[in-house]
Amino acid sequence: MPIHLPPPATLSRLETCPVEVLEAIVLATVGRNLPGPPADLASLLCVSKAIYFSISMKNNTSLYGKIFVLKFDDRAPVRRLGETCKHGSIRTEELVKRFQSLKMFKMMKCRQFCAAPTARGDLWVAYLLFLEHDRQNYQQLVSYAAVDKFASSFIKMEDPSTMGLRAMYASTHAPITSFDIPLTGPTTPLLPPTTSALPLAALPSSRRSYLQDYFGVTLPVTHPVLAPAVFLSCAVRLEAAGAEMARRLPEGHGTPTTMFADWGQGCGSEQYDHDWSCLLTCYIPWMPVISVIIPRVFTPGMLTGTWVGRCFEVPEEQFDDLLAPQPSEDDPMPPEPDVYPTLMQFLLREYHAHDHSQTLGFNDSSQDLGSNGVFKAWLPQGVGMSETERELCFSVDNPGTMRLCKYDIYDPATAARRALDEEFRPTAPFSDGVYDIVLTAQTGDHFGSVWGHKSYYGRVRGWDGLILLFSVATPGEPSLIFSGYIHGSTNLVGRWHETATPVDLPGWEGVWSMIKIE
């Protein structure tokens, strides 16, 4: 119904104020209470028809775009999607949608929320708000919508054993037995069993894309990998509970005097840009990459530095009990297993191949490489490796020939120059014209004198950023394979697996979590 305004002669002084002045009054009123929707705006809209006409959502999307900036962070959307995110009409629609979703978290009990038809879309809104957080979003999510309380209620509502199995299942974007995409083989993921743990090579079931309306754009996105969030949450809970170290030390060695209590500080939404890229690119791994410009889910140099953290393990005899079928309702539940954290620390180096012809490879790296490929950390069979101060050299024994490959150690100055080089090819899996990344790591001298020296080598899977590290066996310590992703730019989270059991069978395994300190 059209609004019929009174004649100008009958308007009050407030009603005849310029729109810019009315907008300033609205913004000052709304800014008094940042968490939550602009509830105070309702009283201003009811003052008169003239005021309503000037500041209503239909007639003044520019004003509501400014309210959006007051209530939510917008640096990340503009950086990721472009300047079109600044349009008033787009911000207005996003403002309404966000508060409709946040209201669902605030008003509903957990079970009611999960049964609502809008639950999936509301969860996506909350997750994207976390990935965009710089200053304001956290207040809306926690202070207003109490999403943290919802998450706690959801965890309590879920069966712990079922959630644990589901987490172990959905731990990667594709099986770690494949190095490249598109994958070959069956395109229908296996369903997770409910009575036993999953083999390391199991394919996650979360490869279903979901179209999310986001700042006026319909995006094909994938569900975030569940496992890292569960693993990191468990690690934090164990740390908060003061879990004691349970590890036999070599005779003559003492206990370290410093525990890793400083888990790092956030640096804004930029630290989640790689997580955002994974949402857009790491779905349906059987599809070939169509775009000429390959989105970046891993920045060369991210891993270079010193990492500290913990490796969590359950005693093997108790782990075997976890693999057994779950008891019926009439049988008593088995006791909760013991979880022992072991300190980890290493200095990690990245070595890069800038020439595609000089990269290590496989006959067909999209094929299933099996245990031999995984337990060699995706390095080809029969490869020899020698490390110098600045280079990593490989000798690849092909049938009838010996091929030599050279990888250069990551250097920030060299990487900066390559980033400005117009000749670098955008088809490389990594930025700055990097075609492949091989990793080496060693325990630091001080840490190793107490906890034992260890060496690692591995590789980075370019299309989804999965990291695979193989720990070289030492006296009294078995070889382990570590897989995981970087989240928030400084958190390295994943699962480890012993190498005595093939990857297509359930074996002794656990989780690990590390943070980059320098």
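This one's a predicted model, so the numbers in the text were calculated from it and none came from an experiment.

1. Remarks on the side chain of Ser277
At step 1: Relative to the helices and strands, Ser277 resides in helix α13 (residues 273–281).
At step 2: Once residues within four sequence positions are removed from consideration, Ser277 is found in contact with Arg296 and Val297.

2. Structural notes on the environment of Val460
At step 1: Looking at where Val460 falls in the secondary structure, it is placed in strand β9 (residues 455–460).
At step 2: Setting aside residues up to four positions removed in sequence, Val460 forms contacts with Phe179, Phe298, Leu303, Trp378, Phe430, Asp436, Ile437, Leu439, Gly465, Leu466 and Ile467.

3. Concerning empty space enclosed by the protein
At step 1: Applying the stated rule across the entire model yields two cavities of 30 Å³ or more.
At step 2: Looking at the largest cavity, its volume works out to about 40 Å³.
At step 3: In terms of lining residues, the largest cavity is bounded by Glu94, Lys97, Arg98, Val125, Leu128, Leu129, Glu132, Gln212 and Tyr214.
At step 4: Of all the secondary structure elements, the ones that give two or more residues to the lining of the largest cavity are α6 (88–107), α8 (119–131) and β1 (209–214).
At step 5: Here the residues of the lining of the largest cavity are counted per class, giving four nonpolar, one polar and four charged.

4. A short note on the nonpolar core
At step 1: Among the nonpolar cores identified, the biggest contains 40 residues, and Ile55, Ile67 and Leu102 are the most heavily contacted of them.
At step 2: No other element matches the seven residues that α8 contributes to this core.
At step 3: Residue contacts for Leu102: discarding those within four places in its chain leaves Phe72, Leu129, Gln140, Leu141, Tyr144 and Ala145.
At step 4: In terms of nonpolar packing, the next biggest core, distinct from the first, is built from 27 residues, Leu439, Phe482, Ile486 and Leu492 among them.

5. Here we look at the pattern of salt bridges
Any two side chains of opposite charge can pair, given that their charged atoms come close.
At step 1: One pass over the full model with this rule turns up 17 salt bridges.
At step 2: Taking the shortest distance from any N to any O, the salt bridge between Arg32 and Asp40 comes out at 3.7 Å.
At step 3: Arg32 gets classed as exposed once you look at its relative accessible area, which sits at 65%.
At step 4: A salt bridge links Arg495 to Glu509; the nearest nitrogen and oxygen atoms lie 2.7 Å apart. Of this pair, Arg495 sits in strand β12 (residues 491–498) while Glu509 is found in strand β13 (residues 509–516), placing the two residues 14 residues apart along the sequence. The burial state of Arg495 is the same as that of Glu509; both residues are buried.

6. Thoughts on the pairing of strand β11 (residues 480–487)
At step 1: Burial runs high along β11: seven of the eight residues are buried.
At step 2: Sheet topology places strand β10 (residues 467–471) next to β11; five bridges connect them, and they run antiparallel. Bridge pairing in β11 places Leu469 opposite Phe482.
At step 3: Hairpin geometry of β11 and β12 is characterised by an intervening segment of three residues between the two adjacent antiparallel strands and by a positive phi of about 65° at Gly488.

7. Side note on the packing of aromatic side chains
At step 1: Scanning the entire structure with this criterion turns up 18 aromatic pairs.
At step 2: Measuring from centroid to centroid gives 5.0 Å for Tyr214 and Phe215, while their planes differ by 90°, and the two rings are edge-to-face.
At step 3: The exposure class of Tyr214 is buried, given its relative accessible area of 2%.
At step 4: Plain terms: the ring middles of Tyr456 and Phe482 are 6.1 Å apart, the flat faces sit at 70° to each other, and that makes the pair edge-to-face. You can see Tyr456 sitting in strand β9 and its partner Phe482 sitting in strand β11, a full 26 residues away along the chain.
At step 5: Taking relative accessible area as the criterion, Tyr456 reaches 6% and is therefore assigned buried.
At step 6: Of the aromatic side chains, those joined through ring pairs into one cluster are Phe68, Phe72, Phe99, Tyr144, Tyr214, Phe215 and Trp276.
At step 7: A cation over a ring is seen here: Arg98 above Phe72, with NZ or CZ 5.1 Å from the ring centre.

8. Quick word on α6
At step 1: Compared with an ideal rise of 1.5 Å per residue, which puts 20 residues at 28 Å, α6 spans 28 Å between its outermost C-alpha atoms and is within 8% of the ideal.
At step 2: Here α6 has its buried residues at Ile90, Arg91, Thr92, Glu94, Leu95, Lys97, Arg98, Phe99, Ser101, Leu102 and Phe105.

9. A word on the packing of helix α4 (residues 61–71) against α6
At step 1: Direction vectors running N to C along α4 and α6 enclose 55°, while the axes themselves pass 7 Å from each other. Taken together, the axes of α4 and α6 lie oblique to each other. In the crossing of α4 with α6, the sense of the turn from one axis to the other is left-handed. Between α4 and α6, the contacting residues are Thr61, Tyr64, Gly65, Ile67, Phe68, Val69 and Lys71 on the first element and Gly88, Ser89, Arg91, Thr92, Glu94, Leu95, Arg98 and Phe99 on the second.
At step 2: Of the residues assigned to the contact of α4 with α6, the class counts are six nonpolar, five polar and four charged.

10. Quick notes on the packing of α8 against helix α9 (residues 137–144)
At step 1: Interaxial distance between α8 and α9 falls to 8 Å at its minimum, and their mutual angle equals 135°. The orientation of α8 relative to α9 falls into the category oblique. The two elements α8 and α9 meet at a crossing, and its hand is left-handed. Here Ala126, Leu129 and Phe130 of α8 lie close against α9, whose contacting residues are Asn137, Tyr138 and Leu141.
At step 2: Across the contact of α8 with α9, the residue classes tally to five nonpolar, one polar and no charged.

11. Section: the confidence of the model for the protein
Detailed reading of the predicted coordinates is not advisable wherever pLDDT falls low.
At step 1: Per-residue pLDDT for the protein has a mean of 77; in total, 74% of the residues score no lower than 70.
At step 2: Mean pLDDT values for the elements of the protein range from 53 in helix α11 (residues 160–169) up to 94 in α6.
At step 3: Per-residue pLDDT stays below 50 along residues 203–207; that stretch engages in 26 contacts with residues further than four places along the chain or on separate chains.
At step 4: Per-residue pLDDT stays below 50 along residues 243–265; that stretch engages in 35 contacts with residues further than four places along the chain or on separate chains.

12. Details of the pairing of strand β3 (residues 305–313)
At step 1: Counting buried positions along β3 gives eight out of nine residues, so the element sits mostly inside the fold.
At step 2: Relative to strand β4 (residues 340–353), β3 runs antiparallel, the two being bridged by nine bridges. Opposite Arg310, over in β4, you have Leu343 as the bridge partner.
At step 3: As paired elements, β3 and β13 share six bridges and run antiparallel to each other. Along β13, the bridge assignment pairs Phe312 with Val511.

The rules behind these values
- Residues numbered from 1 in each chain as written.
- Predicted model: local features only at pLDDT ≥ 70, side-chain atom pairs only at ≥ 80, totals over all residues.
- Heavy atoms only, no water.
- Helix = DSSP H or I, 4+ residues; strand = E, 2+ residues; numbered from the N terminus.
- Contact = heavy atoms within 4.5 Å.
- 1 Å grid on protein atoms, 1.4 Å probe; cavity = no way out; pocket = protein on both sides within 12 Å on 5 of 7 lines; lining within 4 Å.
- Points joined across faces, edges and corners; volume = space filled by probe spheres on them.
- Nonpolar A, V, L, I, M, F, W, Y, C, P; charged D, E, K, R; others polar.
- Core = buried A, V, L, I, M, F, W, Y, C linked by side-chain atoms within 4.5 Å.
- Buried < 20%, exposed > 50% of the residue type's maximum accessible area, 1.4 Å probe, protein only.
- Salt bridge = Lys/Arg side-chain N within 4 Å of Asp/Glu carboxyl O.
- Pairing = 2+ DSSP bridges.
- Phe/Tyr/Trp six-rings, centres within 6.5 Å; stacked < 30°, edge-to-face > 60°.
- Lys NZ or Arg CZ within 6 Å of the ring centre and 35° of its normal.
- Expected span 1.5 Å × (residues − 1).
- Axes fitted to C-alpha atoms, helices over the stretch in contact; angles between N-to-C directions.
- Parallel < 35°, antiparallel > 145°, perpendicular 65-115°, else oblique.
- Left-handed = near helix turned anticlockwise from the far one by under 90°.
- pLDDT = per-residue confidence, 0-100.

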